[in-house]
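This is what each chain is made of:
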Amino acid sequence: MTVITTATVQVRDLVRRYDERAVLDGLDLDIAPGEFVALLGKSGSGKSTLLRALAGLDYDVEGSGELAVPQNVSVVFQDSRLLPWARVLDNVVLGLSGAGDRGRKSLEEVGLAGREQAWPNELSGGEQQRVALARSLVREPELLLADEPFGALDALTRLKMHVLLRKLCATHQPAVLLVTHDVDEAIVLADRVIVLDEGRIVAEEVVELAAPRSSADPGFAAIRSRLLDALGVSL
Amino acid sequence: MSATTLPGLRSRTTAAPVVRRRRLGPGKPIKFGAAIGPVLLLVIWSVGSAAGWIDQRNLSAPWTVVTTAGDLIADGRLQSNLWTSAQRALLGLALGIVLGVVLALISGLSRLGEAVLDGPIQIKRAIPSLALLPLLILWLGIGESMKVVTILLGVFIPIYIHTHNGLRTIDSRYVELAQTVGLSQWEFIRRVVLPGALPGFLLGLRFAVTGAWLSLVVVEQINSTSGIGYMMELARTYGQTDIIIVGLVVYGALGLLSDAVVRLIQRRALTWRRTLAAA
């Protein structure tokens with residue numbers, strides 16, 4: 001019981017329906033403080049629905065179940081979702097008052113010191129997503145929700161973002177739920193990988209590989225093949 | 001057999017000279033191309049007037065127009081009439097902008113506001129403002145208030161339509177973002193809604209400015225005793241085409257100038273868009 005009460009996220013018997021179809025069907029999930037959980041699943045398995053439920057963005061959706069999330073939740077979307085009419089620093093501290101210095105520090109952390117006054121349009125896709133990370137982390141969230149945050153980036157930029165995200169999580173220690181469809185990304189980043197299918201968790205893998213994690217590691221390959229199995233991909 | 005096919009092969013391997021295709025597009029732009037048409041017209045007008053092909057009673061010669069403009073400025077008639085016209089247009093424009101923006105905000109930010117306001121405004125949009133003139137003259141007389149209200153009615157419609165459209169088409173992803181970062185209602189309006197609707201508002205403003213001059217021309221020719229339109233109307237009764245042309249030139253200059261001002265405002269206010277266009 002003590003484990004449950006200290007969990008950052010606690011989901012019990014969560015049901016979400018769209019037009020009679022249960023997208024989430026009695027889902028249970030706990031995320032411990034500082035734990036990095038990656039969520040895998042086919043399209044339409046309910047990944048985004050779960051994330052939106054945790055973010056409190058699923059008004060007008062029919063459903064039931066218990067949901068406990070911390071007050072301070074940040075979301076990183078697949079698109080960077082920066083306001084194009086606000087300069088980079090203003091985007092980072094959006095909704096915070098008198099947080100200019102914290103915002104500058106946050107931008108420095110993601111390697112964008114000196115770009116405070118740039119317009120979002122002037123940045124590359126990877127840089128925009130780093131601004132989005134800074135915007136999330138400047139709020140020191142207890143829970144960071146990320147919906148395929150690197151899905152729109154090229155492969156090389158994505159690898160750099162993995163390194164950056166691991167570093168930032170080590171510094172700020174938020175609990176993380178990362179939705180992704182990239183199995184390798186999940187194994188590289190997460191403490192635990194869960195697989196969602198038809199609104200339920202159908203597989204779970206605790207990743208205990210030594211850093212830096214490499215796909216050449218036999219342990220990595222074993223986890224990957226079990227996850228791919230659970231996703232219904234046979235190689 | 002092989003010997004007979006060889007020459008054929010050889011001729012195929014020698015490269016044929018590249019035939020330069022004719023360019024299908026219109027080609028390079030001509031320097032000062034935009035000026036050619038107007039200058040040509042001016043030349044035809046001048047030559048026609050000098051040669052006596054154009055009757056001075058129908059159209060005064062360009063030099064007559066220039067000297068008339070000089071006379072009108074010298075005796076102060078042009079300035080005082082221009083000032084009266086500008087006051088009417090600016091007052092109508094300012095009131096119309098305020099009305100349009102306020103109505104757009106009410107209707108864009110609340111469903112109730114939209115239900116109450118949007119229908120009547122769309123109906124008003126279908127009726128040309130100038131068609132309301134008989135009613136406005138009955139209600140407000142033929143004084144200044146009728147003129148300003150007519151201009152106002154022509155102005156607030158484009159401001160309302162484009163600002164309202166700007167408000168309604170703000171990407172819902174930004175609304176989601178505002179929720180996840182916990183913006184208050186007022187912060188949401190200030191940081192997301194207003195900047196998001198600004199491009200729409202400025203587009204509406206360009207239409208509004210044009211509309212203000214259009215309405216001005218009409219109201220000034222009805223029972224006015226001052227203004228550029230009055231000056232032209234008076235010239236008509238005396239058959240002074242030179243003064244009419246001066247009035248037209250002034251209207252044209254005012255239209256161009258005010259559009260340039262709005263475009264300048266647009267460039268200043270939408271810097272973030274310019275960077276996109278430049279990239």
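Residues numbered from 1 in each chain as written. Chains lettered and ligands numbered in written order. Predicted model: local features only at pLDDT ≥ 70, side-chain atom pairs only at ≥ 80, totals over all residues.

Per an unreviewed UniProt entry, chain B goes by Sulfonate transport system permease protein and derives from Kribbella kalugense. The Subcellular location (unreviewed entry) field of the UniProt record for chain B holds the comment "Cell membrane". The UniProt entry for chain B carries the following text under Sequence similarities (unreviewed entry): "Belongs to the binding-protein-dependent transport system permease family." (UniProt positions renumbered as here; feature names shortened; annotations may be inferred.)

An unreviewed UniProt entry lists chain A under the name Sulfonate transport system ATP-binding protein, with Kribbella kalugense given as the organism.

Engineer: Is there a simple way to think about the overall build of chain B in this case?
Structural biologist: A tally of regular secondary structure across chain B gives twelve helices and zero strands. Taken over the C-alpha trace, chain B has a radius of gyration of 29 Å; the compact-globule value for 279 residues is 19 Å, which it surpasses by more than 25%. The principal-axis extents of the C-alpha atoms in chain B amount to approximately 105 × 75 × 30 Å. Classification of the 279 residues of chain B by burial places 28% in the buried group. Counting only contacts in chain B whose residues sit at least 6 apart along the sequence, the fraction spanning at least 24 positions is 74%. (Helix = DSSP H or I, 4+ residues; strand = E, 2+ residues; numbered from the N terminus. Rg over C-alpha atoms; globule rule 2.2 N^0.38 Å. Buried ≥ 20, exposed ≤ 12 C-beta atoms within 10 Å, placed from the backbone. Contact = placed C-beta atoms within 7 Å.)

Engineer: Sorry if this is basic, but what is going on with the overall build of chain A here?
Structural biologist: Scanning chain A from terminus to terminus reveals eight helices and nine strands. Whereas a compact globule of 235 residues would reach a radius of gyration of roughly 18 Å, chain A reaches 18 Å, a difference of no more than 12%. Taken along its principal axes, the extent of the C-alpha atoms in chain A is 45 × 45 × 35 Å. In chain A, which comprises 235 residues, the proportion classed as buried is 40%. By sequence separation, contacts in chain A at least 24 residues apart represent 70% of the contacts at least 6 residues apart.

Engineer: Is there a simple way to explain the environment of Ile187 of chain A in this structure?
Structural biologist: All names here are of chain A. Inspection of the secondary structure assignment puts Ile187 in helix α7 (residues 183–189). Under the C-beta neighbour-count criterion, Ile187 is labelled buried, with 23 such atoms within 10 Å. A sequence separation of 138 residues divides Ile187 from Thr49, and the C-alpha atoms of the two residues are 22 Å apart. In contact with Ile187, other than residues within four places in its own chain, are Val193, Val207, Arg213, Phe220, Ile223 and Arg224.

Engineer: Sorry if this is basic, but what is going on with helix α8 (residues 172–180) of chain B here?
Structural biologist: Residue pairs three or four apart in sequence face the same way in an α-helix, which turns once every 3.6 residues. For α8 of chain B, the set of buried residues is Leu177, Ala178 and Thr180 of chain B. Axial view of α8 of chain B: buried residues confined to an arc of 165°, hence all on one face. Buried residues in α8 of chain B make contact with α2 (47–55) and β5 (73–76) of chain A together with α9 (185–220) of chain B. Immediately downstream of α8 of chain B, the backbone of Gly182 of chain B shows phi near 70°, a positive value. (Arc of directions from axis to C-beta.)

Engineer: What's the story with the pairing of strand β1 (residues 9–18) of chain A in this structure? I'm lost.
Structural biologist: Along a regular strand, successive side chains alternate from one face of the sheet to the other. Residue and element names in this part refer to chain A. Examined bridge by bridge, β1 and strand β2 (residues 21–31) share eight bridges and lie antiparallel to one another. From the neighbouring strand, Leu14 faces β2, where its bridge partner is Leu27. Hairpin connection of β1 to β2: two residues between the antiparallel strands, including Asp19 at a positive phi of 50°. In this structure, β1 lies alongside strand β4 (residues 62–68), joined through six bridges in antiparallel fashion. (Pairing = 2+ DSSP bridges.)

Engineer: How do you make sense of unusual backbone geometry when you look at a structure like this?
Structural biologist: As a rule of thumb, non-glycine residues mostly have phi less than zero, and peptide bonds are mostly trans rather than cis. Residue and element names in this part refer to chain A. Its identity as a non-glycine residue notwithstanding, Asp13 has a phi of 50°, on the positive side. Relative to the helices and strands, Asp13 resides in strand β1. Even without being a glycine, Arg81 presents a positive backbone phi close to 55°. Relative to the assigned elements, Arg81 resides in the loop between β5 and α3 (88–92). Residue Arg81 is classed as buried on the basis of its 21 C-beta neighbours within 10 Å.

Engineer: Even after reading the chapter, I still don't get the environment of Leu205 of chain B, so can you show me in this structure?
Structural biologist: Residues and elements named next belong to chain B. Looking at the element boundaries, Leu205 is found in helix α9. Judged by the 25 C-beta atoms lying within 10 Å of it, Leu205 is buried. It is 9.3 Å that separates the C-alpha atoms of Leu205 and Thr163, two residues lying 42 residues apart in sequence. Ignoring anything within four residues of it in the chain, the contact list for Leu205 reads Ile159 and Val262.

Engineer: Explanation requested: the sheet that holds β2 of chain A in the structure shown.
Structural biologist: Either a parallel or an antiparallel arrangement is found when strands of a sheet pair, and the pairing is made through backbone hydrogen bonds. All names here are of chain A. Taken in spatial order, the three strands line up as β2-β1-β4 in an open sheet, and their pairing is antiparallel. The open sheet terminates on both sides in strands that have one partner only, identified here as β2 and β4. Looking at each pair of strands side by side, their axes are set apart by 10° on average, direction ignored. (Axes fitted to C-alpha atoms, helices over the stretch in contact; angles between N-to-C directions.)

Engineer: Looking at this structure, how should I read helix α2 (residues 33–50) of chain B?
Structural biologist: All names here are of chain B. The terminal C-alpha atoms of α2 lie 26 Å apart, and with 18 residues this matches the ideal 26 Å at 1.5 Å per residue to within 8%. Of all 18 residues that make up α2, zero are buried, and the element is exposed over most of its length. Two residues or fewer after α2 comes Gly52, characterised by a positive phi angle close to 80°. (Expected span 1.5 Å × (residues − 1).)

Engineer: Looking at this structure, how should I read the UniProt feature "domain: ABC transporter" (unreviewed entry) in chain A?
Structural biologist: The sites that UniProt annotates as "domain: ABC transporter" (unreviewed entry) are residues 9–223 of chain A. Helix makes up 32% of residues 9–223 of chain A and strand 28%. Its end C-alpha atoms lie 25 Å apart.

Engineer: Please explain the confidence of the model for chain B as it appears in this structure.
Structural biologist: Residue and element names in this part refer to chain B. Residues at a pLDDT of 70 or more form 93% of chain B, whose mean pLDDT is 87. With pLDDT under 50 throughout, residues 1–5 is counted as low confidence; its partners more than four residues away or in other chains account for zero contacts. If you check the scores for this complex, the pTM reads 0.78 and the ipTM reads 0.86. (pLDDT = per-residue confidence, 0-100.)

Engineer: When you look at the UniProt feature "domain: ABC transmembrane type-1" (unreviewed entry) in chain B in this model, what are you seeing that I'm missing?
Structural biologist: Residues annotated in UniProt with the feature "domain: ABC transmembrane type-1" (unreviewed entry) correspond here to residues 82–262 of chain B. Strand forms 0% of residues 82–262 of chain B and helix 85%; the C-alpha atoms that close the span are 20 Å apart.

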